[in-house]
Amino acid sequence: MELRFSHTLSRLNHTILLFFVPILGILIPLFTGLLEDLPVSILSLGYGYLFCILLNFLIWKGNMWILLKTRSITNQPLSSRFTLMGGFAINILYTLVLSYIMLMMLDRFFFDRMLSIEKIRLSVLVMVVMSVLANNICEMFLLRVEKQITEEKLQKTELEKKHATYMALKFQVDPHFLFNSLNTLLCLSKKESAHTPEFIQSLAALYQYVLDKRNTDKVMLQEELAFVKKYILVQKMRFGDQLFLDIDLSENDLQSCQVIPMSLQILVENAIKHNEISINQPLHIKITHEDGCLVVVNNLNKLSHTPTSTGIGLYNLQERCQALYGRAPVIHKNESQFIIHLPV
């Protein structure tokens, strides 16, 4: 922030010194008639105008120094009332004293008291007014720059905060997936299933996808569905033909839609974990596309026990969707179905 402020101040300072200081150094004596009583001589007028330009240069440089010094001493931005009022008073005093002393020196040492004291006072008054006007314009401009820089800094901080939160949520997915997979492995091992070695090999392949996509915000829907299908095949080692997945999506949906990595897998996993799956109560999961959302529907089969859960999966997905899309998945539940609308 300070670097950009200093750069803007430097550009403003150069513009004032190159254009406005010389112009005011000529216009103020013309307006007040300060040099009218001098002999008509190029040398005399040249000295007079150069002196006025030098005086305006010193006024501007001094006022800028006061502005920055006041700001640094009070350790407050320009918007501070104390900084504005204090700098305003010091600028007037500095301009008044400097311009009066230098114009009196010009009259005494260069022009042998040929300048009118009334015109000197008028010139001093005009210089004070112009100084106040220039400083107010400068402060208004710098206030605008400061406000813009502060807003950008706040936006950057907010974005960094959201990114950090989002990354933390993404890294929660890995242990959550592993936790649930180990629970499935435990169930297979208790049954002494012949599918246990195959499950472990398939789990390794699935976890490779998790690792590959951990730093990716979005993946193509087609790629995510391929992962979900492999996940279903792994779960079928435990549940057999009691678990069904129906994907009703067009080719255009598959090629154009993008989703958060593992989002569909989390929803499918959530359905499997929280429902009874048996010959008498098979689980049907359906994925469709509707109004810019993927709709995941499963029938409800009430469990006879409370499932082991970290409580992370669905909450994690809701927070990631909120961070990435600005809206969370919409959840509906009735007596027979659990429905989730996932933003894409």
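Model, not experiment: these values are computed from the prediction.

Regular strands have side chains that alternate between both faces of the sheet. Inspection of the sheet shows strand β6 (residues 330-333) paired to strand β7 (residues 337-343) by four bridges, in the antiparallel sense. Opposite histidine 332, over in β7, you have isoleucine 339 as the bridge partner. Here β6 folds back onto β7 in antiparallel fashion, the turn holding three residues.

Before going further, it helps to spend a moment on the packing of aromatic side chains. Applying the stated rule across the entire model yields zero aromatic pairs. Here the guanidinium or amino end of lysine 236 rests over the ring plane of phenylalanine 244, the centre of that ring lying 5.4 Å away.

Across a sheet, paired strands are connected by hydrogen bonds in the backbone, their directions being either parallel or antiparallel. One open sheet holds the five strands; their spatial order is β2-β4-β5-β7-β6, and the pairing between them is mixed. Edge positions in the sheet fall to β2 (243-248) and β6, since each has one partner strand and no second. Going from strand to strand, the sheet's axes swing by 15 degrees on average, the running direction of each strand aside. With six bridges joining them, β2 and strand β4 (residues 283-290) adopt parallel strand pairing. The residue bridging phenylalanine 244 from the neighbouring strand is histidine 284, located in β4.

The subject of this paragraph is the nonpolar core. One finds Leu221, Leu264, Ile272 and Ile285 to be the most contacted residues of the largest nonpolar core, which totals 38 residues. Of all the elements in the fold, those that place two or more residues in this core are α5 (196-212), α6 (221-239), α8 (263-273), β4, β5 (293-299), α9 (313-325) and β7. Top contributing element to this core by residue count: α6, with eight residues. When near neighbours in sequence (up to four residues on either side) are disregarded, leucine 221 contacts Leu249, Asp253, Leu254, Cys257, Gln258, Val259, Leu264 and Leu294.

Before going further, it helps to examine the packing of α8 against α9. Taken N-terminus to C-terminus, the directions of α8 and α9 make an angle of 150 degrees; their axes are 9 Å apart at the nearest point. When the axis of α8 is compared with that of α9, the two are roughly antiparallel. In this structure, the crossing between α8 and α9 has a hand that is left-handed. On α9, the residues touching Ser263, Ile266, Leu267 and Asn270 of α8 are Gly313, Leu314, Leu317 and Arg320. When grouped by side-chain class, the residues that make up the contact of α8 with α9 number four nonpolar, three polar and one charged.

One way to put it is that α6 packs onto α8 with a least axis distance of 8 Å and a crossing angle of 25 degrees. It follows from the interaxial angle that α6 and α8 lie roughly parallel. Crossing hand, α6 versus α8: right-handed. Of the residues in α8, those in contact with Leu221, Glu224, Leu225, Phe227, Val228, Tyr231, Ile232, Gln235 and Phe239 of α6 are Ser263, Leu264, Gln265, Val268, Glu269 and Ile272. Grouping the constituent residues of the contact of α6 with α8 by class yields 10 nonpolar, three polar and two charged.

Definitions and cut-offs
- Throughout this description, residue numbers start from 1 for each chain and increase along the sequence as written.
- Since the coordinates come from a predicted model, pLDDT governs what is reported: local features require at least 70, and pairs of side-chain atoms require 80 or more to be given and counted, while whole-chain, interface and lining totals use all residues.
- Only heavy atoms go into the side-chain values, all of them from the structure, while hydrogens and water stay out.
- A pair of strands counts as paired when DSSP detects no fewer than two bridges linking them.
- Here a helix means four or more residues in a row that DSSP labels H or I, a strand means two or more in a row labelled E, and each is numbered from the N terminus.
- Pairing of aromatic rings covers Phe, Tyr and Trp, the last counted by its six-membered ring, and requires centre-to-centre distances within 6.5 Å; plane angles under 30 degrees mean stacked, over 60 mean edge-to-face, and any other angle means tilted.
- In this analysis the charged atom, NZ for Lys or CZ for Arg, is taken to sit over a ring once it is within 6 Å of the ring centre and within 35 degrees of the ring normal.
- Helix axes use the C-alpha atoms of the stretch in contact, all axes being lines fitted to C-alpha atoms, and the angles between their N-to-C directions lie in the range 0 to 180 degrees.
- By nonpolar core we mean a set of buried residues, namely Ala, Val, Leu, Ile, Met, Phe, Trp, Tyr and Cys, connected to one another through side-chain atoms within 4.5 Å.
- For each residue, the accessible area found with a 1.4 Å probe, counting protein chains only, is set against the maximum for its type, and the residue is called buried under 20%, exposed over 50%, and partly exposed in between.
- By definition in these notes, contact holds between two residues if any of their heavy atoms fall within 4.5 Å.
- Each angle is binned into one of four classes, with values under 35 degrees roughly parallel, values over 145 roughly antiparallel, values of 65 to 115 roughly perpendicular, and all other values oblique.
- The crossing is said to be left-handed when, going from far helix to near helix, the turn is anticlockwise and less than a right angle, and right-handed when the turn is clockwise.
- Residues are grouped as follows: Ala, Val, Leu, Ile, Met, Phe, Trp, Tyr, Cys and Pro are nonpolar; Asp, Glu, Lys and Arg are charged; every other residue, Gly included, is polar.

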